[in-house]
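The lines below spell out each chain.
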Amino acid sequence: MIKESEFVKLADVLYRRTGISLDVKRYNILKPKLEKVMKKYDYDSFRTFFHDYRFDKNKELKQELLNTVTINETYFYREKYQFESLVKDILYKLDAIRPQGETLRILCAPSSTGEEPYSIALSLLQEGEMINKRDIELVGIDIDSNVIQKAKKGVFSKRSIQYVPQELLSEYFIKKGLDYEIADFLKDAVNFQVINVMDKFAFRKLGKFDVIFSRNMLIYFDDESRKQVAMSFYDSLKPDGMVFLGHAESMSRIASVFTTAKSGNSIYYIKE
């Protein structure tokens, strides 16, 4: 139903809306998934399907397409050394310079199915001291509405929780069949929202943050979109706020406004 040339047209509109760059090499992988979406919404021609998406005739279709093309591979404690740097070093540096009583705000963008912000919450509980000194707010955003719903439910596979320490698994998870459900108070500790990082207005409404985790997202963007997102992060950080990227990503190759720093094995970027 979808020709390669039509895929390129659709990818161009998706890129301009989201910053996600879909290489034509992904055509064969995404073709059956996109055709499944067309069938679900009763489209028998690409032309009508493309017209309705391009001109926002169907809001559900718009979100379904985003959910179809995004990649959400994650698990608890991925790149654990960054969480250790956060709770043992970074938050204490911020505590020393922030006014007394001010909440420290942490953003995960994208949050996917919730493993990353929940890993931060568990790391804070394990460290134990900072959460008694400061109120800490966790916000998780993602463009994919399906993964946000899964994050809110807080139910994870055995593969997803394989690196959670046994004492934390026993204390903060309930086994349900083959899966594990995280404690309700931890679900309540994270504010999950469906937001596109390329939507500057929606992103700005989130307010200012002390720390932003954005790991393994920018690798799917082209150079121009990376720069746009980097500057949105910069504008959304408080003074001396910090950004953590994935191990294969580097802010110094994207935007020169950040200062590179190191904590243990972690590289991070400071808004000075």
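Located above this text is the structure these notes cover.
To keep things clear, this report deals only with the structure shown in the data block. None of the values given here were measured: they were computed from a predicted structure.

1. Describing the pattern of salt bridges
Line of reasoning, step 1. Inspection of every chain in the model, using the stated rule, returns 19 salt bridges.
Line of reasoning, step 2. Salt-bridge contacts for E102 lead to K238; the nearest nitrogen and oxygen are separated by 3.2 Å. Of this pair, E102 sits in the loop between α5 (80–97) and β1 (104–108) while K238 sits in strand β8 (residues 237–245), placing them 136 residues apart in sequence.
Line of reasoning, step 3. K238 sits in the buried class, given a relative accessible area of 13%.
Line of reasoning, step 4. Put simply, R226 and D223 hold a salt bridge, and the shortest N to O gap is 2.7 Å. Here the residue R226 and the residue D223 both occupy positions in helix α12 (residues 223–236), the gap between them amounting to three residues, near one helical turn.
Line of reasoning, step 5. The exposed category is assigned to D223, whose relative accessible area is 55%.

2. Remarks on the packing of helix α3 (residues 46–54) against helix α4 (residues 59–69)
Line of reasoning, step 1. It is the contact of α3 with α4, at a shortest axis distance of 9 Å, that shows an interaxial angle of 100°. The orientation of α3 with respect to α4, classified from their angle, is roughly perpendicular. Where α3 approaches α4, its residues F49, D52 and Y53 are matched on the opposing element by L61, K62 and L65.
Line of reasoning, step 2. Across the contact of α3 with α4, the residue classes tally to four nonpolar, no polar and two charged.

3. Notes on the nonpolar core
Line of reasoning, step 1. Judged by nonpolar contacts, the single largest core of 51 residues is most densely connected at L10, F49, L107, I141, V197 and V243.
Line of reasoning, step 2. Setting aside residues up to four positions removed in sequence, L10 forms contacts with L34, F46, F49, F50, Y53 and L65.
Line of reasoning, step 3. Listed in part, the 40 residues of the second largest apolar core include F83, L86, F156 and M242.

4. Comments concerning the pairing of β1
Line of reasoning, step 1. For β1, the buried fraction is high: five of the five residues fall into the buried class.
Line of reasoning, step 2. Here β1 shows no split at all, with L104, I106 and C108 on one side and R105 and L107 on the other all buried.
Line of reasoning, step 3. Sheet topology places β1 next to strand β2 (residues 136–142); five bridges connect them, and they run parallel. Bridge pairing in β2 places L104 opposite I136.
Line of reasoning, step 4. Of the strand pairs in this sheet, β1 and strand β7 (residues 209–214) are connected by three bridges, and their pairing is parallel. Of the residues in β7, the one forming a bridge with C108 is F213.

5. Comments concerning the pairing of strand β5 (residues 179–182)
Line of reasoning, step 1. One ladder, built from two bridges, connects strand β3 (residues 155–156) with β5; its direction is antiparallel. When the bridges of β5 are listed, F156 appears paired with Y180.
Line of reasoning, step 2. Where strand β4 (residues 173–176) and β5 come together, four bridges link them in antiparallel fashion. In the strand pairing of β5, K175 is matched with Y180.

6. Observations concerning the sheet that holds β3
Line of reasoning, step 1. Pairing is antiparallel in the open sheet, where three strands are placed in the order β3-β5-β4. On the outer flanks of this sheet lie β3 and β4, each paired with one strand and no other.

Reading the values: the criteria
Residues numbered from 1 in each chain as written. Predicted model: local features only at pLDDT ≥ 70, side-chain atom pairs only at ≥ 80, totals over all residues. Heavy atoms only, no water. Salt bridge = Lys/Arg side-chain N within 4 Å of Asp/Glu carboxyl O. Helix = DSSP H or I, 4+ residues; strand = E, 2+ residues; numbered from the N terminus. Buried < 20%, exposed > 50% of the residue type's maximum accessible area, 1.4 Å probe, protein only. Axes fitted to C-alpha atoms, helices over the stretch in contact; angles between N-to-C directions. Parallel < 35°, antiparallel > 145°, perpendicular 65-115°, else oblique. Contact = heavy atoms within 4.5 Å. Nonpolar A, V, L, I, M, F, W, Y, C, P; charged D, E, K, R; others polar. Core = buried A, V, L, I, M, F, W, Y, C linked by side-chain atoms within 4.5 Å. Pairing = 2+ DSSP bridges.

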